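The lines below spell out each chain.
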Amino acid sequence: LKMSWFWLYLPLHLLTATCLCNSIKAPTPSSQQSFKTGLFSFYHSLILADGKETTIHLLKDIPKRYYFVLEEGRVLAPFSITVTPCDVPIEWSILVYKSPPGKATPGGHDTQEVSKSQKASSLVSTIFNYKGNSVETYMGMSSHSALYLLEFLSTERDTHITVYLTSDTTSGHLYPELPMDPRIDVVGIGPTTVTLAWKHSPSVLQHRESIQYCLLVNEKHNYKSLCAAETAIRSSGMKLPPTLALSLSPYLLEPQQVMILSNSELSIINKVSSGEVRQVCMGTKNTYTVPNLSPSTQYYFDVFIVNLLTNASAAYTGTFARTLEEPEPKVTELKDGKVIHVVLDGKKQKFYSLQYQARHKKIHFTFQLCRGQIRVHITRNGKTVASENLAGLRYFSLKGKLLDTYSVQLRSTEESNSSVKVLASPHFHKPLFPLLPESLKIKSFSKLRTCRSVTIAWLGTQEESKYCVYRKRIEEDQIWRELQSADSCSGPESRHKSEKVLCKYFYDLNLQRAVTTETIKGLEAGTLYLFDVYLFGPSGIPVRYHSKVVKTRKKC
């Protein structure tokens, strides 16, 4: 390819770039003398690599130019260029330089007298231009006598883009393919969930092991590329872990795992100034229910198909949805001296409301946490008087006026089931719940264990109360389930009669000595047992101590 004619007409401002690509061959020795000045500029041009994704940083209002010439030997060669803006809209165009229709002498002068400006105009043509922030691909056919120029410009602020040039259009694609219909469908909406579905990418069927879907959820707007989403999260002021970037995350995550990037740690949700941003990678599943959303809030959803081998991605057409309002919780009336047992489903019903109208100036609320984690919020005539997380047995003594209206809102703070017993009464001197010791733990003595017996101990109180001991034989794989499902409010009425060991009355006015022990005999060697102690108050309402698992000795 002889290019001596080109350097005479190439505008001077296009010869100011600073690097060289090995893919373009140098001019032949016979033509070197005729473009001595142009040769220096040619060897210091910015050349765009073929078959490689290139990241380009743009300064505001300063154009950046890249050249490329495709391989010689073919009259017409197909090629494609994909440009991905990673932030603000940009302007970019493709210009082509071709030899003039007339013959050119080795020195670059036509036989006719034509001005240099006229010749330069005849050599240059713009074949494509675009302005925006969408991912755009140009496909064309290259002539062996043409040199191409790509020009990029950002007029809003400094930014960066990625550019992918390839002349090999037959050996597959760097970017995963999108389906004919790349839209995301919203198939279900609740107060805290949104269910999405989308059509499979053809790339999933061909390369299932190296392809993964990733979903981005945020409260600001949709993103047209994973590159743009990563830039937005970084610009929020968040510090990404040094070895973890959003665009690299798909193959660092397990399927169904939620990755959230925060300022201090890798957690579930990234709190930024514009709300929550979360990314979920779910393998090759093309449906997903987004959990733990806020009621009555608009969210934007983007699905990206990611090639885990090349880290290249393609974006589905984003969608948005507004979650439903949280339904008004059912209000239950509290009556004097009547215990209400409230069970909250952490996934479906997280709130429960109670109401009480005072017939005395002083009111006492009692809460016994049975299972899980619950937060209580008490208001009097609309004003907050108490709010805290419950633990064990909790009393609130409140003083107001006759006919004051008290509202009690209970909220589960975890996804598993939670339950609590609630009592409202003007008479604190007649408590229905038993007086509790400082700790509800059961202690076992390892040195006193034998093949046939174990010894346990627990704390008592200054009030004479009834204590009943129960035992249950269990297996190793049952321990976690038994301890997790334990309900401290449940009584022994649900236990089998054969599990009952004994009942005894006990108290001591000196709390330092309010400890009792019991040796349980008749056990089997090398066997696990679950021990429970139930405390009964004056009204007969039970309180269950924390279950204790003990294994008898195998050999004695």
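Before reading further, recall that the structure is shown in the block above.
Let me sum up the structure you'll find in this document. (Residues numbered from 1 in each chain as written. Predicted model: local features only at pLDDT ≥ 70, side-chain atom pairs only at ≥ 80, totals over all residues. Heavy atoms only, no water.)

1. Observations regarding the packing of aromatic side chains
- The tally for this structure, following the rule as stated, stands at 20 aromatic pairs.
- Taking the centre distance of 6.0 Å and the plane angle of 50° together, the rings of Phe79 and Tyr138 count as tilted. Taken as a pair, Phe79 in strand 3 (residues 76–85) and Tyr138 in strand 6 (residues 136–143) lie far apart in primary sequence, 59 residues in all.
- Centroid distance Tyr356 to Phe365: 6.0 Å. Interplanar angle 80°. Geometry classified as edge-to-face.
- Judged by its relative accessible area of 1%, Tyr356 is buried.
- On the accessibility criterion, Phe365 (0% relative accessible area) is buried.
- Three or more aromatic residues joined by ring pairs form one cluster here, namely Phe68, Phe79, Trp92, Phe128, Tyr138, Tyr148 and Phe152. (Phe/Tyr/Trp six-rings, centres within 6.5 Å; stacked < 30°, edge-to-face > 60°. Helix = DSSP H or I, 4+ residues; strand = E, 2+ residues; numbered from the N terminus. Buried < 20%, exposed > 50% of the residue type's maximum accessible area, 1.4 Å probe, protein only.)

2. Details of the pairing of strand 16 (residues 287–290)
- Of the two faces of strand 16, only one is covered, namely that formed by Tyr288 and Val290; the face formed by Thr287 and Thr289 stays uncovered.
- Of the strand pairs in this sheet, strand 10 (residues 194–198) and strand 16 are connected by four bridges, and their pairing is antiparallel. Following the sheet pairing, Ala197 is matched in strand 16 by Thr287. (Pairing = 2+ DSSP bridges.)

3. Quick notes on the sheet that holds strand 7 (residues 146–153)
- One open sheet holds the four strands; their spatial order is 2-7-4-5, and the pairing between them is antiparallel. At either margin of the open sheet sits one strand with a lone partner, and together these are strand 2 (64–68) and strand 5 (124–132). When the angles between neighbouring strand axes are averaged without regard to direction, this sheet yields 15°.
- Relative to strand 7, strand 4 (residues 90–98) runs antiparallel, the two being bridged by eight bridges. (Axes fitted to C-alpha atoms, helices over the stretch in contact; angles between N-to-C directions.)

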